[in-house]
Amino acid sequence: MKIGIDIDGVLADFTSPFLKYHNSMYDSSLNLRDVKTFHLSEVLGVSIEEATRRVYDFYETPDFDNLPAIGGAIEEIPKIMKGNELFVITSRKSSLEGQTRRWLEGNFPRAFRVVCFASNYHSGISTMSKEQYCRELKIDVHIEDDLEYAVPCSANGTRVLVFDAPWNECPEEIESINRLTRVFSWREIPPIIKVISSLT
């Protein structure tokens, strides 16, 4: 099978280090439970342009280059590599390609066949979307933490596993209607992948 995997919030813990940086720089006191939406301007209480600037400033820090891997990802990725092809499908801006590839190789050496930089609905940059990459690459399963990407990918025919986070909470009927499967840890993923593989 072909498996697509997002980076931030799925492979890498972006939010906790960013909030620590933000609290230090802007005298805020935000924590993970405050991040109820992926639209950081709403979380930070600033304009979209200002929120974007603060995130881009964080990209320039050593903390961004050294994001911790999400718990369990390093241990479980090798398990789903067996018999499958893994693709990174991220909405990071393409100017972060060098940093992104170094981070991936440092944490998941030789794990991914291709790294795709998809369009980002925050920036409006016009490149291929995540659902387009899923369609073009014939991705069977995509692991994602943002519902605004998960739902179109699922509608496109890709099975989507939603990695649980405060910013993607939604009623169960929304998940059911959109055929999304919520997962709460990386440990759950290899058995699910095995079941899906047996049905294809």
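Just above, that's the structure.
Predicted model, so just to flag it, every value in this text is computed and none were measured.

Reading the values: the criteria
- Residues numbered from 1 in each chain as written.
- Predicted model: local features only at pLDDT ≥ 70, side-chain atom pairs only at ≥ 80, totals over all residues.
- Heavy atoms only, no water.
- Helix = DSSP H or I, 4+ residues; strand = E, 2+ residues; numbered from the N terminus.
- Buried < 20%, exposed > 50% of the residue type's maximum accessible area, 1.4 Å probe, protein only.
- Areas by Shrake-Rupley, 256 points an atom, 1.4 Å probe, with all protein chains shown as cover.
- Lys, Arg positive; Asp, Glu negative; His and termini not counted.
- Charge placed at Lys NZ, Arg CZ, Asp CG, Glu CD.
- Salt bridge = Lys/Arg side-chain N within 4 Å of Asp/Glu carboxyl O.
- Disulfide = S-S within 2.5 Å.
- Core = buried A, V, L, I, M, F, W, Y, C linked by side-chain atoms within 4.5 Å.
- Axes fitted to C-alpha atoms, helices over the stretch in contact; angles between N-to-C directions.
- Left-handed = near helix turned anticlockwise from the far one by under 90°.
- Contact = heavy atoms within 4.5 Å.
- Nonpolar A, V, L, I, M, F, W, Y, C, P; charged D, E, K, R; others polar.

Participant: A description of the overall build of the chain should follow, citing residues and the corresponding values.
Facilitator: Within the chain one finds ten helices and six strands. Dimensions along the principal axes, computed over C-alpha positions, put the chain at roughly 50 × 40 × 30 Å. Looking at the chain as a whole, 49% of its 200 residues are labelled buried. As presented, the chain carries roughly 10,100 Å² of accessible surface, and 51% of it is formed by carbon and sulfur atoms. Here the chain carries 22 positive and 30 negative side-chain charges, and the mean point of each set is 7 Å from the other.

Participant: I'd love a proper account of the pattern of salt bridges, names of residues and values included.
Facilitator: Counted under the stated rule, the structure contains twelve salt bridges. Residue Lys-130 is joined to Glu-144 by a salt bridge in which the shortest nitrogen-to-oxygen separation is 2.7 Å. With a gap of 14 residues between them, Lys-130 in helix α7 (residues 130-137) and Glu-144 in strand β4 (residues 141-144) connect regions that are remote in the sequence. Accessibility classification places Lys-130 together with Glu-144 in one group, the buried group. The salt bridge partner of Arg-182 is Glu-175, with a shortest N-O separation of 2.6 Å. By the burial criterion, Arg-182 is buried, and Glu-175 matches it.

Participant: Lay out the state of the cysteines with the relevant residues and their values.
Facilitator: All chains considered together, the criterion is met by zero disulfides. We note that Cys-116 lacks a disulfide partner, and the nearest cysteine sulfur, in Cys-134, lies 8.9 Å from it. Given the relative accessible area of 4%, Cys-116 is considered buried. Here Cys-134 is not cross-linked by a disulfide; its sulfur's nearest cysteine counterpart is in Cys-153, at 3.9 Å. Relative accessible area serves as the criterion here: at 1%, Cys-134 is assigned to the buried category.

Participant: Describe in detail the nonpolar core, supporting the description with residues and values.
Facilitator: Residues Ile-5, Leu-11, Ile-77, Phe-112 and Trp-186 are the most contacted members of the largest nonpolar core, which totals 47 residues. With 14 residues, the next largest nonpolar core counts Phe-87, Cys-153, Val-162 and Leu-180 among its residues.

Participant: Can you break down unusual backbone geometry residue by residue, with the values?
Facilitator: Of note, the phi angle at Arg-110 is positive, near 55°, even though the residue is not glycine. Its location among the elements puts Arg-110 in the loop between α6 (97-107) and β3 (114-117). Overall, Arg-110 belongs to the exposed group, its relative accessible area being 70%. Even without being a glycine, Lys-138 presents a positive backbone phi close to 60°. Structurally, the position occupied by Lys-138 is in the loop between α7 and β4.

Participant: Could you give an account of the packing of α7 against helix α8 (residues 147-155), naming the residues involved and the relevant values?
Facilitator: Interaxial distance between α7 and α8 falls to 8 Å at its minimum, and their mutual angle equals 35°. The crossing of α7 and α8 is right-handed. Contacts between α7 and α8 involve Lys-130, Glu-131 and Cys-134 from the former and Tyr-149, Pro-152 and Cys-153 from the latter. Residues belonging to the contact of α7 with α8 are distributed by class as follows: four nonpolar, no polar and two charged.

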